[in-house]
Amino acid sequence: MRSRLLSTLAVLVVFVVLPRSGAFGQARELNLYNGRHYDTDEAIYREFTRRTGVRVNLIQGDADQLIERIRAEGATSPADVLITVDAGRLYRAQQLGLCQRVDSPVLHTRIPAHLRDPQGHWFGFTKRYRVIAYARARVPRSMLSTYEDLSSSRWKGRLLVRSSSHVYNQSLVGALLAWHGESFVARWARGVVANLGRPPQGGDLDQLRAVAAGEGDVALVNHYYYLRLLNSPHPVDRAVAQQVGLFFPNQEPEERGVHVNLSGACVTSTSRNRQAAVAFLEFLSSDFAQEVFARGNFEFPAVRGIANPMAAVAPATLREDTLNAAVYAANGGKALQLMVAAGWR
Amino acid sequence: MTAPGAGRGAGSGVWFSARQGLLPACGAALAVALSLPVLTVAATVLSPAHGEWVEFVRLVLPRYVQNTVWLLGGVGVGTLVVGVTAAWVVTAYRFPGRRLAQVVLLLPLAVPAYLVAYAYADLLQYSGPVQSALRAWLGLARGYPFPEIRSLGGAVFVLTFVLYPYVYLLTRAALLEQSPLTWEVSRTLGYGAWGTFLRVALPVARPGIAAGLGLVGMEVLADFGTVKYFELDTFATGVYLVWFSYGSVAGAARLAAWLVGFVLAVVAVERLSRGRRRYHRPPGPLREARPMHLSGVQAAVALVACLLPPAVGFGIPGTYLAWMAWVGGDPLWSRAFLELAGNTFALAAATAAVAVLLAAVLAYGVRLAPSPVMHLAARVVSLGYAVPGVVVAVGILVPFGWLANLLDPYLRRLGLSGAALTGSTFTLVYAYLVRFLAAALSTVEAGLSRIGPTLEGAARTLGHGPSSVLVRVHAPLMRGSVFTAALLVFVDALKELPATLVLRPLNFDTLAVRVYQLASDERLMQASTAGLCIVAVGLLPVLLLDRAVHRSRVEAPVEISGAHRAEVRLTPPVRFA
């Protein structure tokens, strides 16, 4: 009797409660496969809907896995736009043929050349600098100079990094590969590993907290994590930020500038709403969206002339590495292998 | 002996002929349907191995093997000791707080392992509150000895105290379904309490213990959240890395194939060591054994021994999460959480109901119509439990995506689209079944295996057909196991993250997804709110779980007394197994 009851229940649940399929894709809707998870971005989607009448549907997840999903869905994919938090994933999506070319004069004028795919398959909308965090009490600023210098023995036992499996490190080392070549990077990675104050672990915030706690003196982090601590409602977080300084490396006139990663988007090749999708990308480069990005997560706007309220953290005349994102993104796999071979787990 | 069924009992093949055709067919169909994702991934092993990842895998493989073996061994031994000891203490002894201990011991089931990992890593790392306080009190400088939580030992610690309830639960169920008469006989023959435990109760409870350990082993192999957070390189993290840093499905599949190999080895060792022995409950009314009363120091030791594991696996991380949620919880929590909790609950409930049905069909099929096909089917559908959720997800996406493109024109006529196959709640339930059916199946099988064939024989002799036996004899005896199976799947589905993340429809989130969204952005404090909600939704089924196990002993004999009486007179018993 009981099993019959159970089966009735099951049938009910499966056929009555559940059928909520992802059958979207009508003209006045836009489906975002979104690797960015900032609640503050909601304001951008709402404003886009208000201005255009196009409804925005969201699925947030790991960009790599969203790419696999788009790939598997093939021609039936409901995805119109793929958003990621690093260039590496956009590059991969493009390599897999999942992004279509967009010839938008708006995007080509507003987004600087090194922050977009040379052929126009994808565009970066915010800049994320990978910088050196240091303990103010134990490291004089004058001691800091370049990424390359982190392998020097003066940092023995003082350097903290996160795991090599993270794409931010892969992109940074991918850029080093492009500038210096394989044998230099192999040597550099061994030097970095020899300097580590502890095995690589945790996220960028964990590196900042560890520097404040004294587990190490310098660490590699993305700049906005520091700004998040600085602006946190919690006194504990602000205390961490007080003890830590941010240094933008490779700023000397003969240097190439700080490594910049990007958060960007592409229009999927199977999009059924190309027009709305392009309009959405253009909207991401609008003053409105650029300001939300900067205020919400303290990223630097890709569009020139938009202010980051926290810009004072960077040097007034900031030099940034204009190596195209596609180049270091392509080097990611090689970079990972060199890091792992050097013992950078 | 003139019972009408006796003659037919000998030629059981005639008796079951219709069933023997139907059940194996069902079993085979289920096996194919539910192993499709795993097989899809396994099949890519056949594609040629080339690309950047080859050198990478050669570099890291020895470490993966080493870490995975140590992790499996460590957590296996840990959960065995903790789970079996706790089960024996709360079953065989009576002491103040015993009933409380029975319930509390299950609580870690309600907490996802990744949350416990977050909590302990945050608490125990160098910059965390514990070490900071120690440094402040003792005036320590960098370099003092303190165990590193982000390590193999840390992962063994966390997974042991999160996963021991599987062993505890199934061992306790096995002990409760044993006849206390045997324990009493053992004691009259001169064994003490621990002698009875080691020489009598434990060996008979073996299928239950093995089932629990099997689940633990597979959970360990499939775990990604904990090992990733602890920077421990295992096969699960390797599969992710090769898949997503090198974009190589073929490379990931090769590593995943190693995983499946591990599972098969574990299962095979257990089956071989069990040999041809079978473990059935002896006939006789079940009644509560007279537990040995403990008092004074002994009672205190027993209570502490039972409260320590749940304190580590639930109390400490739960309190820390609650504190984080209080201090800096999710700002959105009031708005969206009811919907998130509703989604989560509906998915988990649907999965649990379907899983129990399928498990019953398979387990009963193996028993009624044992054949190589049926046995293989039962083992094959269990593979998914040991495969990381994201591998299952991509294993689903590939064949479903193909099917979606094939069927899209027809689906569009129905107002649907191919996306109904690749990203819908239906897909999610399917993915959960692939992942978690093993939990239901092994629980139901363990329950079924303890019912001796003599009961069945007796009922048949008295003229009942197989379906009547199922309803009147097996169902009442199995009620506890079936309920346990449903609840295990329910809490597993509740906590599931990786497959949910990939396969859910647009604008559809669950509590675990919310945890991920915030935690992946290093907002642990805010993530704690959704984490606590998962725990809260999971507590109810866990409490029900305890009631189910607790009541199984009290109720069962009343309803089957007729069958028992019949069986006592039946000599010799007719054997079907």
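Computed from a predicted model, the values in this text were never measured in an experiment.

## Describing the overall build of chain A
- A tally of helices and strands in chain A yields 14 helices and nine strands.
- The C-alpha radius of gyration computed for chain A amounts to 22 Å, which stays within 12% of the reference 20 Å derived for 345 residues, consistent with globular compactness.
- With the C-alpha coordinates aligned to their principal axes, the bounding extent of chain A is approximately 70 × 60 × 45 Å.
- Across the 345 residues that make up chain A, the buried fraction comes to 55%.
- Once local pairs closer than 6 in sequence are excluded, the contacts in chain A between residues at least 24 apart make up 79%.

## A look at the overall build of chain B
- Across its full length, chain B holds 25 helices and two strands.
- Buried positions account for 55% of the 577 residues belonging to chain B.
- In chain B, once contacts between residues fewer than 6 apart in sequence are set aside, the share between residues at least 24 apart is 86%.

## Here's the deal with the interface of chain B and chain A
- Taken together, the 59 residues of chain B in the interface contact 62 residues of chain A.
- Elements that contribute at least two residues to the side of chain B that touches chain A include exactly helix H3 (52-92), helix H12 (235-245), helix H15 (333-368), helix H17 (389-413), helix H18 (419-422), helix H19 (425-449), helix H21 (466-495) and helix H22 (498-503) of chain B.
- Here the residues of the side of chain B that touches chain A are counted per class, giving 32 nonpolar, 16 polar and 11 charged.

## Some thoughts on the environment of Thr351 of chain B
All names here are of chain B.
- Along the chain, the position of Thr351 falls in helix H15.
- Owing to 30 C-beta atoms within 10 Å, Thr351 belongs among the buried residues under this scheme.
- Separated by 122 residues in sequence, Thr351 and Tyr229 place their C-alpha atoms 28 Å apart.

## Comments concerning the pairing of strand S6 (residues 218-222) of chain A
Residues and elements named next belong to chain A.
- Burial analysis of S6 places five of its five residues in the buried class, the great majority of the element.
- The side-chain alternation of S6 yields two buried faces, one formed by Val218, Leu220 and Asn222 and the other by Ala219 and Val221.
- Direction of pairing for strand S4 (residues 123-135) relative to S6: antiparallel, over a ladder of five bridges. Across the sheet, residue Ile132 finds its bridge partner in S6, namely Leu220.
- Pairing between strand S5 (residues 159-160) and S6: two bridges, direction parallel. Within S6, the position partnered with Leu159 by the bridge is Val218.

## Describing unusual backbone geometry
Residue and element names in this part refer to chain A.
- Although it is not a glycine, Asn250 adopts a positive phi angle of roughly 55 degrees.
- Relative to the elements of secondary structure, Asn250 occurs in the loop between strand S7 (244-247) and strand S8 (259-267).
- Among the residues examined, Asn250 registers 19 C-beta atoms within 10 Å and is labelled partly exposed.

## So, the environment of Tyr93 of chain B
All names here are of chain B.
- With respect to the element layout, Tyr93 can be found in strand S1 (residues 93-94).
- Tyr93 sits 302 residues away from Gly395 along the chain, and the two C-alpha atoms are 48 Å apart.
- Leave out the neighbours within four places in its chain, and Tyr93 touches Pro291, Met292, Leu294 and Ala302.

## Notes on the packing of helix H7 (residues 152-176) of chain B against helix H10 (residues 206-222) of chain B
Residues and elements named next belong to chain B.
- With their axes 7 Å apart at the nearest point, H7 and H10 run at an angle of 155 degrees to one another. One way to sum up the angle between H7 and H10 is to call them roughly antiparallel. Seen along the crossing, H7 lies across H10 with a hand that is right-handed. Contacts between H7 and H10 pair Leu159, Leu163, Tyr166, Val167, Leu169, Leu170, Thr171, Ala173 and Ala174 from the former with Pro207, Gly208, Ile209, Ala211, Gly212, Leu213, Leu215, Val216, Glu219 and Val220 from the latter.

## Topic: helix H23 (residues 511-519) of chain B
- Across the nine residues that make up H23 of chain B, a large majority, nine, are buried.
- Residues of H23 of chain B that are buried include every one of Leu511, Ala512, Val513, Arg514, Val515, Tyr516, Gln517, Leu518 and Ala519 of chain B, and no others.

## Overview of the confidence of the model for chain A
- For chain A, mean pLDDT is 90; residues scoring 70 or higher make up 92% of the total.
- Low pLDDT (under 50) marks residues 11-26 of chain A, which in the prediction has 43 contacts with non-local residues, meaning those over four places away or in another chain.

## Looking at the confidence of the model for chain B
All names here are of chain B.
- Here chain B averages 81 in pLDDT, while 88% of its residues score no lower than 70.
- Of all secondary-structure elements in chain B, the lowest mean pLDDT belongs to helix H25 (residues 561-569), at 34, while helix H14 (residues 296-328) reaches the highest, 93.
- Per-residue pLDDT stays below 50 along residues 1-18; that stretch engages in 19 contacts with residues further than four places along the chain or on separate chains.
- The low-confidence segment residues 554-577, where pLDDT is below 50, has 40 contacts with residues more than four positions distant or belonging to other chains.
- With a pTM of 0.85, the predicted complex shows an ipTM of 0.84.

## Let's talk about the environment of Lys127 of chain A
Residue and element names in this part refer to chain A.
- Position of Lys127 among the secondary structure elements: in strand S4.
- Lys127 sits 176 residues away from Val303 along the chain, and the two C-alpha atoms are 9.4 Å apart.
- Residues within four places of Lys127 in sequence aside, it is in contact with Val260, Leu262, Glu299, Phe300 and Ala302.

## Here we look at the nonpolar core
- One finds Leu208 of chain A together with Ala359 and Leu437 of chain B to be the most contacted residues of the largest nonpolar core, which totals 305 residues.
- Not counting the four nearest positions on each side in its chain, Leu208 of chain A is found in contact with Ala133, Ala219, Val221, Tyr225, Tyr226, Leu229, Val240 and Val244 of chain A.

## Describing the packing of helix H5 (residues 113-124) of chain B against H7 of chain B
All names here are of chain B.
- Where H5 meets H7, the axes come as close as 10 Å, and the angle between the chain directions of the two elements is 140 degrees. Taken together, the axes of H5 and H7 are oblique relative to one another. Between H5 and H7 lies a crossing whose hand is right-handed. Contacts between H5 and H7 involve Ala113, Val116, Ala117 and Tyr120 from the first element and Val158, Leu159 and Val162 from the second.
- Classifying every residue of the contact of H5 with H7 by side-chain character gives seven nonpolar, no polar and no charged.

What counts and how
- Residues numbered from 1 in each chain as written.
- Chains lettered and ligands numbered in written order.
- Predicted model: local features only at pLDDT ≥ 70, side-chain atom pairs only at ≥ 80, totals over all residues.
- Helix = DSSP H or I, 4+ residues; strand = E, 2+ residues; numbered from the N terminus.
- Rg over C-alpha atoms; globule rule 2.2 N^0.38 Å.
- Buried ≥ 20, exposed ≤ 12 C-beta atoms within 10 Å, placed from the backbone.
- Contact = placed C-beta atoms within 7 Å.
- Nonpolar A, V, L, I, M, F, W, Y, C, P; charged D, E, K, R; others polar.
- Pairing = 2+ DSSP bridges.
- Axes fitted to C-alpha atoms, helices over the stretch in contact; angles between N-to-C directions.
- Parallel < 35°, antiparallel > 145°, perpendicular 65-115°, else oblique.
- Left-handed = near helix turned anticlockwise from the far one by under 90°.
- pLDDT = per-residue confidence, 0-100.
- Core = buried A, V, L, I, M, F, W, Y, C linked by C-beta atoms within 7 Å.

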